[in-house]
Structures are given as structure tokens and as C-alpha cells.
Amino acid sequence: MSTKGDFRLGCDVGGTFTDFVLFDVVSGQIHIDKHLTTPADPSVGILTGLKGFSRVAEDHVARTRLVAHATTLVANAVIERKGAKTALLTTRGFRDVLELRRHVRVTTYELWSDPPKPLVPRELRLPIDERTYSDGSILRSVRREEIQDAVQLMRAAGVEAIAVAFLHSYVNPENEREAGRLLAELAPEIAVTLSSDVLPQIKEYERTSTTVVNGYVKPLVRGYLKNLDDGLAAVGYTAPLRIMLSNGGLGSSEIAAEFPLRLIESGPVAGAIVGRQIAQALDIPELLSFDMGGTTAKACLIRDGALPITDELEVARSKRFTKSSGFPVAVPAVNMIEIGAGGGSVATINTMGLVQVGPESAGADPGPICYGGGGVEPTVTDADLLLGYLNPDYFADGSMALNTEGSRSGITKTLAGPRGQTEIEAAWTVHDVVNETMAGAVRMHVTERGGNPQLATLVAFGGAGPVHAYNLASKLRISRVMVPLRAGVLSALGLLVAPPAYDMVRTHKVPLTGFDATTIKAIMAEMAESITNLLDGLGAGGTLRFTHGIDVGYIGQSYQVTVPVDAAPDKGEIWRRFADMYREKYGYFYDDVPAETVNLRVLGELVGGELELLELPSGESAEAVPAGRRPAYSARHRAMMDFAVHDREALRPGMHFNGPAVVEEASATTVIDDGGQVEVDRYGSLVISLEVEVRS
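Here is a short report on the structure shown in this document. Remember, predicted model here, so these are calculated numbers, not experimental data. (Residues numbered from 1 in each chain as written. Predicted model: local features only at pLDDT ≥ 70, side-chain atom pairs only at ≥ 80, totals over all residues. Heavy atoms only, no water.)

1. Quick look at the pairing of strand E20 (residues 345-349)
Taken residue by residue, a regular strand's side chains alternate between the two faces of the sheet.
Piece 1. Note that E20 and strand E21 (residues 355-361) share four bridges and pair antiparallel. Within the sheet, the bridge partner assigned to Ser345 lies in E21 and is Ser361.
Piece 2. As consecutive antiparallel partners, E20 and E21 are separated by five residues, and within that stretch Gly353 has a phi angle of approximately 80°, a positive value. (Pairing = 2+ DSSP bridges. Helix = DSSP H or I, 4+ residues; strand = E, 2+ residues; numbered from the N terminus.)

This is how it looks when you write it as C-alpha cells:
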């Protein structure tokens, strides 16, 4: 896959920092860097940050063979309502499906907890007098005159994107295809999205919502990727740009531009990829991936070395963590939870006089007070600095000095003074509150997946993750924490671990009694061929591997479970696996109720060319010698005390030491309280043992 001297480049754009990783394929050397994100146009921050690698590899631009990128642009655009002005063409009589939703109350007893307003206002939901029956036969075809009238109305309204979602187009897309052809002819300047291309499967509301979200962000993502592509080319990069998709695989910039909704979880999922690799390498049955950056924290429960995939993803939830309060995006994505809690989360006093942290964030501009960028509201980073967890002279590889007095003044004025606390008490309150917020969200995420957080190993990364991991684990009663090497930029490293991948879903609704293995095998083979053509266009090495699944449910139920199957599925085996999975999820199973297949799923991955974890040379078992000491806050003793300070560069496999301690590295800081025991494993990870009671 590589020639001598090749480089691979990973770039992860976060809300506060943009992280960079440059990997030398021959030497195995990894260079890292961090720069503040430029929210107005993230491509500017990317191109600025890349210049830093010229210091360590002068000719890396010409020798880079892969540029892998993850971004939160799509999710942020939907949350902040910064997408394109979008219209919806829908079957006459069904223009209100976006507001009718599923008739599910967000919270049963809260009258005013409403879902977000549709991305397309009613006056831009345009009914078309066409109709396809559920069996695929067409009653009425699309008429050119109606599309012309719709185009005239949309142009007058300044529409930039069109979503087309006709009834039963997942069975027969002919009417949608004709509408798309006419729109391309009559309004070539407007971006068009067809539901039969985005999500050819049953469930009208989910299919329409997903199509609308794709159309809403399409012009924005196209413009962003073009700016980035042009900027990389202007600098001299000739390597193809690959984008992290929500399913944990890399896709081309062309796929990302056409189906931008597949980037909804692009940024968060990159870190979970490394979590999966660690779980597989160390044979960890239950691993809790915990990524805390400047704006958000992400958690993902990885069981038996497999990423959890869901098609029940929602974006822009109007009520935090609550299902059915956001826009469904029913494409396959890694199942994780995002929490509005990061280093930049703002701390305030609410109406009850209690400290509240987040979800508002200072982000990169103006940033926390200690960054000196104009921020005036105290944040989690300001609190961590006062608690002694962060070194003001060695932050982000020493690229910026932190203003301790500014943090002290802000916390005293906003929090400590009004609450009658000392500055340290107020700072600890901020640290503890954000940990409690994250612990509550993690408990819910793990419980919903049938897990027990106490039985998991917590793998912490991100700029703020290792600072909070120990005290978070203590709240969750987790006894083992791991902090991998280069923890602060691990998501960027995950981009080099992830294989190129693409998945497809197609509805095939048939009672299990009429199961025809030959037909299903043929449909899946056709889907695999389409995926092969897409992945062949990436020009990447590796072996193409497929995994298959069938959504199975009881006839009459609206929801199914995805049963993994072989390329040649067997009806008896499907029924047995369905029974096991249904019973595990719901606690019971009806063997006398007929079931049916609903959707067929195929995932293709190019495996074998990605970066692998490498073991480090073994060192002698010895107690690590600290590089210095400084006062920091101990949660165990509720007071400032002397902490040993270790340089991560000096730690070797086999070394061990005890808390209280702080471990500093270029991209992150790890905090271990009194009672914690640390050992460096063969991959260079810090393995921290906590004194907690584990209950099975």
C-alpha cells in the first residue's frame, strides 16, 4: 500500500481544538500537534495547523499518501440551524409528516417539552400529485408541469436545497427518479436529495426526516469540502481526502458531499475506533470509551471487541438525552452518547443557587478565561487549572501559557463570592458537577445497552478526558482506567486506524414463513456489488470484507432487531438468533407469534491497510521517578496536597507508581488521586487501578 517514506495524516476538528497526527509509515514515528479551531471556517484552522509539521518533516507534503479527516460540522449545523434554506417535495396529502412525527410524547408528564421545529417550514413543503402503491405499482406518475410550478415557487423563496420523499419510493423509486431528473434540468443550481438514494427503507417519517437533514446540510458541506480540497491542493498535497463516516469507516469526499448526513457522528466516532482496537488487542470484554474534549464528552460501550451500531440516531434533541426529542437520522452509526460537557463548558449559578456546568461552551473563541482570548465566564478548564491539575507553563505541548490569575478572578467573582466559598471549593464544585453530569449520562447509556458500568474498563482520552477520568470512574465505581499514549489526540489517530467502509440498507418485507434464501442472497449480492464499486473508487489497499444482517421483528410491530447472518442465510438459524437477541433485549420472547424480515443490511470494509497498535520495547519493572511535585486537589482528602509530577516521555512498559500523581504529556494531563495505583503496559498505556467496591 505504501512506498518508502510515505506519510499518513489525520485531522480531527473539535469545538475547541483541531488535532493533528502525522504517521511515518517506514519508521513508525508519530508526530502530533494541536491548534485552536477556527469556528467561522474550520478549513482555515486545518491549513494553518498543517504548517507545523514542516518543522519535523520538511517534505511531508509531497510524501503524504492519505489525508483522513473528521468533523463536527454537520451535527453543529443542524443543532445551530445554520444549514441551507430547504424545500420538501412530498406526495400530496403527506406534507405534514415532519410535524406529525410518531405521535410520541417526549416526556409523558411534561406538557411543554416539545420536539424541535421542522427544518422545512410548512409553506416550503410542496405536495406533488403522484402516487406509488406499497407493492411498487404506480397509480400516478410525476407531471412536468407540477415540478415547474414547484421550481418557480422555490426560486422565489430563495431555496438552496430540495429534499424529495415520495410515498413507498423504497419499493419503486421511479417517481422520485423522474422528479430528480426534472429538478436537475429546471433548477441545476439547487442541491437535490432523493429519499430512495439516502434511505431506501420502510418507515415514512424516519425516511423523510433523514432526507431533509441530508438536503439541509448538503450545500454547506459541499462548500466546506471544496474549500478544504482546494486549500490542500494549493499547499501541495496530492493525497486523496478521506472523511470519517458515522459507521466507523472512511469514505471519499465525493460520498461525503453527496450524503453529508453520514458525517453526523464523524468526529465522535473516531475515538471509539481506537477503543475497539484496544479492546481487541487486550481481549477486554467490556470497554467504556470516554472522550472529553473542549466542547463535549462522548461515551461508547464496546462489548466483545465490536462497535455497537444503531439506526436510531437522533440529532438536535430539544431535551438533553431524551429519545424522540430530536430529528431521526436513520443511517447506520456507532451507538454512543454525547454530553454537553467539556473543558470549555461554562459554569454559572442557576435560579436555585446551585452551580450548573454546560451545555453552553466558551469553545475556541473566546475560549476559557485562562486562554487569554477574551473569555470572561469561568469554565471547567479554569477550575482544573486552579485545582493544580493543569500546568500553566506546559499546555498543548507548551504552545500556549495559561493565565492562572485570570481564572482565579473569574471563579471568585462569578462562583465563590456569591456562594460564600473559597476559590478552591468553588473550583472543585465545578469539577465535581461536570463529572456527575457525565456519570449520569454514562449510566443511562450503559444501562440501555444491558451493561453494567462497574464491570467495564474505562479508556479515557481527549484533551480533558484523562484529567477527569479518575474521579469519573470513582463515581461510576469502575475499578480500572486506561489512558493510551497520545491520549489528547487519540481521535485523530483513530482516523488512521479506521478502514475504508460503506454500508447499505434495503427493505425486503416478507413473512419468515415465506423466507426465500435464494432471493435474499441475490439482493445482498447486488448490494455488495454496489459497495464494491464505491470502495474501489477510493484507490485504497486491503482485503474487502462483508458483514450481513437482517432486521427481524414480529408482524405488526414497528421496531425490529438486527440479526447477523451469513452471505447465504438459513431460516432456522435466523429464527434462533432472533429469539436469543429479542430475549436479551426485552427479557422475553413469543415463540407462537409470526415474525417477518423487514430490512437487509450489508457492510463492506477494506481491511488490512490501516494503522495497527504496536508494542513498545519491554523495560524493567521499576518504580517511576517523578520529575517534580506540585500542590493539587485530592477528592479523597477534600484538600490540596502534594502530588508527584511524572513526565510521560520518561515512562516505559513495566514501570509503576502510586497516586497522588499527575502525568504530563504534550497533548493531555492524567490525574491520579491518593489510593490509585498505576502501571505502564506493553503499549505504553497508563493502567490505573482504583480502590472501589465492584458489585456484580
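Having seen the structure, we can now continue with the description.
2. With respect to the pattern of salt bridges
Piece 1. Summed over all chains, the structure comprises 39 salt bridges.
Piece 2. Notably, a salt bridge pairs Asp129 with Arg140, separated by 3.1 Å at the nearest N-O pair. Of this pair, Asp129 sits in the loop between strand E6 (125-128) and strand E7 (131-132) while Arg140 sits in strand E8 (residues 138-140); the two residues are eleven residues apart in sequence, bridging distant segments of the chain.
Piece 3. By relative accessible area, which is 25% here, Asp129 ends up partly exposed.
Piece 4. Beyond isolated ion pairs, a larger network of salt bridges with shared partners links Arg92, Arg143, Glu145 and Glu146. (Salt bridge = Lys/Arg side-chain N within 4 Å of Asp/Glu carboxyl O. Buried < 20%, exposed > 50% of the residue type's maximum accessible area, 1.4 Å probe, protein only.)

3. Digging into the side chain of Gln560
Piece 1. Along the chain, the position of Gln560 falls in the loop between strand E25 (543-554) and strand E26 (561-565).
Piece 2. Classification of Gln560 by relative accessible area gives buried; the value is 17%.
Piece 3. Separated by 3.4 Å, the side chain of Gln560 and the backbone oxygen of Ser558 make a polar contact.
Piece 4. Sequence-distant contacts of Gln560, that is, excluding residues within four places in its chain, are made with Lys203, Asp551, Val552, Gly553 and Val598. (Polar contact = N/O pair within 3.5 Å; in protein donor to acceptor, adjacent residues only side chain to side chain. Contact = heavy atoms within 4.5 Å.)

4. Describing the nonpolar core
It is characteristic of soluble globular proteins that their nonpolar side chains tend to be buried jointly.
Piece 1. Ranked by internal contacts, the top residues of the largest apolar core, which has 107 residues, are Met244, Leu288 and Met438.
Piece 2. Examining the composition of this core, we find that eleven residues originate from one element, helix H13 (residues 423-448), more than from any other.
Piece 3. In this view, Met438 contacts Phe290, Met292, Ala297, Ile339, Ala341, His468 and Leu472; residues no more than four positions away in its chain are not counted.
Piece 4. Val164, Leu186, Leu232 and Val602 belong to the second largest nonpolar core, which has 103 residues in total. (Core = buried A, V, L, I, M, F, W, Y, C linked by side-chain atoms within 4.5 Å.)

5. Brief notes about the sheet that holds strand E5 (residues 86-91)
Piece 1. Spatially, four strands are ordered E6-E5-E9-E10 in an open sheet, and the strand pairing comes out parallel. Each edge of the open sheet carries a strand with a single partner, namely E6 and strand E10 (191-194). If you compare each strand with its neighbour and ignore which way they point, the axes differ by 20° on average.
Piece 2. Where helix H6 (residues 174-186) meets the sheet, it contacts E5, strand E9 (161-165) and E10, and its direction lies at approximately 160° from that of E9.
Piece 3. Contacting E5, E9 and E10, helix H8 (residues 204-235) crosses the sheet at an angle of about 155° to E10. (Axes fitted to C-alpha atoms, helices over the stretch in contact; angles between N-to-C directions.)

6. Here's the deal with the packing of aromatic side chains
The geometry of an aromatic ring pair is captured by two quantities: the separation of the ring centres and the angle between the planes.
Piece 1. Under the criterion given, the structure shown has 16 aromatic pairs.
Piece 2. Ring centres 6.0 Å apart and planes at 75° place the aromatic pair Tyr582 and Tyr588 in the edge-to-face group.
Piece 3. Residue class for Tyr582 comes out buried when judged on its relative accessible area of 3%.
Piece 4. A centroid spacing of 6.2 Å and a plane angle of 70° characterise the contact between Tyr582 and Phe589, whose relative ring orientation is edge-to-face. (Phe/Tyr/Trp six-rings, centres within 6.5 Å; stacked < 30°, edge-to-face > 60°.)

7. Here we look at the side chain of Glu176
Piece 1. Residue position: Glu176 is located in helix H6.
Piece 2. A polar atom in the side chain of Glu176 sits 2.9 Å from the side chain of Ser169.
Piece 3. Within the local environment of Glu176, its side chain forms a polar contact with the side chain of Ser195, the two groups lying 2.6 Å apart.
Piece 4. Those residues within four positions of Glu176 in sequence are excluded, and the remaining contacts are Val164, Ala165, Phe166, Ser169, Leu194, Ser195, Ser196 and Arg207.

8. Remarks on the sheet that holds strand E30 (residues 656-658)
Piece 1. Overall, mixed pairing links the eight strands, which are arranged E19-E14-E13-E22-E23-E34-E33-E30 in an open sheet. Edge positions in the sheet fall to strand E19 (337-339) and E30, since each of these pairs with one other strand and no more. Averaged over all pairs of adjacent strands, the angle between strand axes in this sheet comes to 20°, irrespective of strand direction.
Piece 2. Strand direction decides the pairing type here: strand E14 (residues 297-303) and E19, joined by three bridges, are antiparallel. Opposite Ala299, over in E19, you have Ile337 as the bridge partner.
Piece 3. Contacts between helix H10 (residues 266-282) and the sheet are confined to strand E13 (286-292), E14, E19, strand E22 (457-461) and strand E23 (480-483), with E14 contributing the most and set at about 35° to the helix.
Piece 4. In the packing of helix H14 (residues 465-476) onto the sheet, the strands contacted are E13, E22, E23 and strand E34 (686-689), and the crossing angle to E22 comes to about 155°.

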